[in-house]
Amino acid sequence: MNFLNSYEIPILDFIAEHFHCGFLDTVLPYITSMADTGLIWIITAVVMLCFRKTRKAGCMMGLALIMGLV
């Protein structure tokens, strides 16, 4: 066990034991699965394209996603 894991695991165990929310315990696995497939990033890029203020960032995000796919 390396140095980082010796501190990381007890902290994560503490969080898992003491911080619960029924709503978030149900919703966050779906959000996590959307991030695993990249869907959340595609949705974010499309939403950013809809607003003039964030259009350039949305375009760059979309291009980055396409380049990552290739």
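Residues numbered from 1 in each chain as written. Predicted model: local features only at pLDDT ≥ 70, side-chain atom pairs only at ≥ 80, totals over all residues. Heavy atoms only, no water.

As for the overall build of the protein chain
Stage number 1. Within the protein chain one finds four helices and zero strands.
Stage number 2. For the protein chain, the succession of helices and strands along the chain, N to C, is α-α-α-α.
Stage number 3. Over its C-alpha trace the protein chain gives a radius of gyration of 18 Å, far above what one expects of a compact globule, namely 11 Å for 70 residues.
Stage number 4. Judged by the C-alpha coordinates and their principal axes, the protein chain covers about 45 × 35 × 20 Å.
Stage number 5. Looking at the protein chain residue by residue over its 70 residues, the buried ones come to 4%.
Stage number 6. As displayed, the protein chain offers around 6200 Å² of accessible surface, 74% of which is attributable to carbon and sulfur atoms.
Stage number 7. Computed over 4 positive and 5 negative side-chain charges, the inter-centroid distance for the protein chain is 39 Å. (Helix = DSSP H or I, 4+ residues; strand = E, 2+ residues; numbered from the N terminus. Rg over C-alpha atoms; globule rule 2.2 N^0.38 Å. Buried < 20%, exposed > 50% of the residue type's maximum accessible area, 1.4 Å probe, protein only. Areas by Shrake-Rupley, 256 points an atom, 1.4 Å probe, with all protein chains shown as cover. Lys, Arg positive; Asp, Glu negative; His and termini not counted. Charge placed at Lys NZ, Arg CZ, Asp CG, Glu CD.)

A look at the confidence of the model for the protein chain
Stage number 1. Confidence in the prediction of the protein chain, expressed as mean pLDDT, is 88, and 93% of residues score 70 or more.
Stage number 2. Highest mean pLDDT in the protein chain belongs to helix α4 (residues 55-69) (94); lowest belongs to helix α1 (residues 3-18) (83). (pLDDT = per-residue confidence, 0-100.)

Considering a nonpolar patch on the surface
Stage number 1. Taken together, the side chains of L39, W41, I42, I43, V46, V47, F51 and L65 define a hydrophobic patch exposed on the protein surface, amounting to about 700 Å² of accessible area.
Stage number 2. Assessed through its relative accessible area of 39%, I43 is described here as partly exposed. (Patch = residues over 30% accessible without salt bridge, like charges linked within 9 Å, V, L, I, M, F, W, Y side chains within 5 Å. Salt bridge = Lys/Arg side-chain N within 4 Å of Asp/Glu carboxyl O.)

Some points on the packing of aromatic side chains
Stage number 1. Under the counting rule described, the total for this entry stands at one aromatic pair.
Stage number 2. Aromatic side chains F14 and F19 sit 6.1 Å apart centroid to centroid with 75° between the ring planes, which places their arrangement in the edge-to-face category.
Stage number 3. A relative accessible area of 45% means that F14 is categorised as partly exposed. (Phe/Tyr/Trp six-rings, centres within 6.5 Å; stacked < 30°, edge-to-face > 60°.)

Remarks on the packing of helix α3 (residues 39-49) against α4
Stage number 1. One way to put it is that α3 packs onto α4 with a least axis distance of 7 Å and a crossing angle of 150°. Viewed along their axes, α3 and α4 adopt a mutual orientation that is roughly antiparallel. The crossing of α3 and α4 is left-handed. Facing W41, I42, T44, A45, M48 and L49 of α3, the residues of α4 in contact are R55, A57, G58, C59, M61, G62 and L65.
Stage number 2. When its residues are assigned to classes, the contact of α3 with α4 shows nine nonpolar, three polar and one charged. (Axes fitted to C-alpha atoms, helices over the stretch in contact; angles between N-to-C directions. Parallel < 35°, antiparallel > 145°, perpendicular 65-115°, else oblique. Left-handed = near helix turned anticlockwise from the far one by under 90°. Contact = heavy atoms within 4.5 Å. Nonpolar A, V, L, I, M, F, W, Y, C, P; charged D, E, K, R; others polar.)

Focus on the environment of V47
Stage number 1. For V47, the position within the fold is in helix α3.
Stage number 2. On the basis of relative accessibility, which here comes to 43%, the residue V47 falls in the partly exposed class.
Stage number 3. On a C-alpha basis, the gap between V47 and I11 in space is 35 Å, while along the polypeptide they are 36 residues apart.

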